[in-house]
Amino acid sequence: MTTQEKTSFVYVTYIVSTPDKVFEAITKPDVARRYWGHENVSDWNPGSTWEHVQAHGERAVKVIGKVVETAPPSRLVITWADPSEAANPASYSRVTFDIDEYDNMVRLTVTHDELEAGGGMAKGISKGWPIVLSSLKSFLETGRPIDVFAKPKTA
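Note that the structure is predicted; figures quoted are calculated from it, not measured. (Residues numbered from 1 in each chain as written. Predicted model: local features only at pLDDT ≥ 70, side-chain atom pairs only at ≥ 80, totals over all residues. Heavy atoms only, no water.)

Chemist: Would you mind showing me how to read the pattern of salt bridges here?
Modeler: As a working rule, side chains carrying opposite charge can pair if their charged atoms are close by. Scanning the entire structure with this criterion turns up eight salt bridges. Salt-bridge contacts for R75 lead to E69; the nearest nitrogen and oxygen are separated by 3.0 Å. Overall, E69 belongs to the partly exposed group, its relative accessible area being 31%. The salt bridge partner of D100 is R107, with a shortest N-O separation of 3.5 Å. With relative accessibility at 25%, the residue R107 sits in the partly exposed group. Three or more residues joined by partner-sharing salt bridges are found here, namely R33, E39 and R59. (Salt bridge = Lys/Arg side-chain N within 4 Å of Asp/Glu carboxyl O. Buried < 20%, exposed > 50% of the residue type's maximum accessible area, 1.4 Å probe, protein only.)

Chemist: It is not clear to me how empty space enclosed by the protein should be interpreted in this structure. Could you clarify?
Modeler: Over the atoms rolls a probe the size of a water molecule, and in doing so it shows where empty space is left. Scanning the model with the defined rule gives one cavity of 30 Å³ or more in all. Its boundaries defined by the atoms lining it, the largest cavity holds a volume of some 40 Å³. As for the largest cavity, its lining consists of I26, W36, N40, W44, W50, L76, I78, W80 and F97. The greatest single-element share of the lining of the largest cavity, amounting to three residues, is contributed by strand β5 (residues 75-80). Here the residues of the lining of the largest cavity are counted per class, giving eight nonpolar, one polar and no charged. (1 Å grid on protein atoms, 1.4 Å probe; cavity = no way out; pocket = protein on both sides within 12 Å on 5 of 7 lines; lining within 4 Å. Points joined across faces, edges and corners; volume = space filled by probe spheres on them. Helix = DSSP H or I, 4+ residues; strand = E, 2+ residues; numbered from the N terminus. Nonpolar A, V, L, I, M, F, W, Y, C, P; charged D, E, K, R; others polar.)

Chemist: How should the packing of helix α1 (residues 19-27) against helix α2 (residues 29-36) be read in this particular structure?
Modeler: When two helices pack together, their arrangement is given by the angle between the helix axes and by the axis-to-axis distance. Direction vectors running N to C along α1 and α2 enclose 85 degrees, while the axes themselves pass 6 Å from each other. With respect to α2, the axis of α1 lies roughly perpendicular. For the pair α1 and α2, contact is made by E24, A25, I26 and T27 and by P29, V31, A32 and Y35, respectively. Of the residues belonging to the contact of α1 with α2, the class tally is six nonpolar, one polar and one charged. (Axes fitted to C-alpha atoms, helices over the stretch in contact; angles between N-to-C directions. Parallel < 35°, antiparallel > 145°, perpendicular 65-115°, else oblique. Contact = heavy atoms within 4.5 Å.)

Chemist: How should I be thinking about the pairing of strand β4 (residues 61-71) in this particular structure?
Modeler: If a strand is regular, its side chains alternate between the two faces of the sheet. For strand β3 (residues 49-54) and β4, the ladder comprises five bridges, and the chain directions are antiparallel. Within the sheet, the bridge partner assigned to T49 lies in β4 and is K66. From the end of β3 to the start of β4, which pair antiparallel, there are six residues, and G57 there has a positive phi angle of about 70 degrees. Sheet analysis places β4 next to β5, joined by four bridges and oriented antiparallel. Residue T70 lies in a different strand from β5, and its bridge partner there is L76. Counted between consecutive antiparallel strands, the loop separating β4 from β5 contains three residues. (Pairing = 2+ DSSP bridges.)

Chemist: In this structure, what is going on with the layout of surface pockets? I would like to understand it.
Modeler: As a volume, the largest pocket reaches approximately 430 Å³. If you go around the largest pocket, you meet 18 residues; those closest to its centre are W36, H38, G124, G128 and V132. Broken down by secondary-structure element, the contributors of at least two residues to the lining of the largest pocket are β4 and α3 (120-142). Element by element, the count of residues in the lining of the largest pocket is highest for α3, at eight residues. A breakdown of the residues in the lining of the largest pocket according to their chemical character gives 11 nonpolar, four polar and three charged. What the second largest pocket holds in volume is close to 270 Å³. What lines the second largest pocket is a set of 16 residues, among which E85, A90, S91, E116 and M121 lie closest to the centre.

Listed below in structure tokens is the structure:
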């Protein structure tokens, strides 16, 4: 039996907002929909399930997991997996949102770890988190999200 190498992805951003508003933006479906195009649906109690639901169209569940830890408005830890891999415990990774007051703003640190090194999820989130968190920052600071589904322009 071989052990799969694990990797992690960390993204830090500073947002002119409050910890409460950042936590709410992550956990309230109606807010997440506006900057992410998906809703994070749960009661956010430790042990509860959560679903990342497409906000438009077929409303497909794109990611599933469990709430590991919640300490509003400063910390949220969830597991993260593709719904097609729900039965495979090894397919789950972990996302930690640390929300710290920093003068008149918030430092948001998102750590996505326990990822299979070189795997599809690791590759996908390394592109996904920066645009989603940039959209969150733009939305909270200006009221306008960015297009998280935008594609690079070809040369």
